[in-house]
Amino acid sequence: MNKEDLLALAGIGGDSDQDTVGELVERAAERGDMDELRRLAAAGSTDAVDQLVELAQERDDLDELRRLAAGGNQDAADILAELAEETEEADGAR
């Protein structure tokens, strides 16, 4: 599905239709489209937030994880805490 198809899909159901939102989240995650996931998250999609956390972790995107944690996302905060522990352990082993 290309971007035009996604825009058409969004126009049909709008962001209030959970099935449509779920489809948009899934497609954005498959493409790694962080901007679209952020837009969907801002509109209230918890699935989009979950995908943002997952992609940020996969990409080692600490800025995105910090942004999500600052917004109250506990998963992002937990990942940052784990990374900090790993860094401290690595530094202590040197």
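Please read these numbers as outputs of a predicted model, since none were measured by experiment.

(A) Up close: the overall build of the protein chain. Within the protein chain, the secondary structure is distributed over six helices and zero strands. Put simply, 22% of the contacts in the protein chain that link residues at least 6 apart link residues at least 24 apart. With an accessible surface of roughly 6000 Å², the protein chain has 45% of that area assigned to carbon and sulfur atoms.

(B) Layout of unusual backbone geometry. For Asp-60, which is not glycine, the phi torsion reads 55 degrees and is therefore positive. One can find Asp-60 in the loop between helix H4 (46-58) and helix H5 (62-70). Assessed through its relative accessible area of 59%, Asp-60 is described here as exposed.

(C) Fine view of the pattern of salt bridges. In the structure shown here, the tally under the stated rule is eight salt bridges. The shortest N-O distance in the salt bridge between Asp-33 and Arg-31 comes to 2.8 Å. Assessed through its relative accessible area of 38%, Arg-31 is described here as partly exposed. Salt bridges here are not isolated pairs; linked through shared partners, they connect Asp-35, Arg-38, Glu-64 and Arg-67.

(D) Seen up close, the packing of H4 against H5. Contact geometry of H4 with H5 gives a least axis separation of 8 Å together with a crossing angle of 145 degrees. Two packed elements cross with a definite hand, and for H4 against H5 that hand is left-handed. Counting all contacts with H4, which are made through Val-49, Leu-52, Val-53, Ala-56 and Gln-57, the residues of H5 involved are Glu-64, Leu-65, Arg-67 and Leu-68. Residues belonging to the contact of H4 with H5 are distributed by class as follows: six nonpolar, one polar and two charged.

Conventions and cut-offs
Going along each chain's sequence as written, the residues are numbered from 1 onward. With the structure being a predicted model, the display of local features is reserved for residues of pLDDT at least 70 and the display and counting of side-chain atom pairs for 80 or more, all residues being used for whole-chain, interface and lining totals. Note: side-chain values were computed over all heavy atoms of the structure, leaving out hydrogens and water. Helix numbers and strand numbers start at the N terminus; a helix is a DSSP run of H or I with at least 4 residues, a strand a run of E with at least 2. Here a residue-residue contact requires only that any non-hydrogen atoms of the pair lie within 4.5 Å. Using a 1.4 Å probe, the Shrake-Rupley method yields the accessible areas, and only the shown protein chains count as cover for residues. Note on classification: 1.4 Å probe, protein chains only; a residue is buried when its accessible area is under 20% of the maximum for its type, exposed when over 50%, partly exposed between these limits. Note on definitions: salt bridges are taken to be side-chain nitrogens of Lys or Arg within 4 Å of carboxyl oxygens of Asp or Glu. Only the stretch in contact is used when a helix axis is fitted, and all axes are lines through C-alpha atoms; the angle between N-to-C directions ranges over 0 to 180 degrees. In a left-handed crossing the near helix is turned counterclockwise from the far helix by less than a right angle, and in a right-handed crossing that turn is clockwise. Residue classes follow a fixed rule: Ala, Val, Leu, Ile, Met, Phe, Trp, Tyr, Cys and Pro count as nonpolar, while Asp, Glu, Lys and Arg count as charged, and any other residue, Gly among them, counts as polar.

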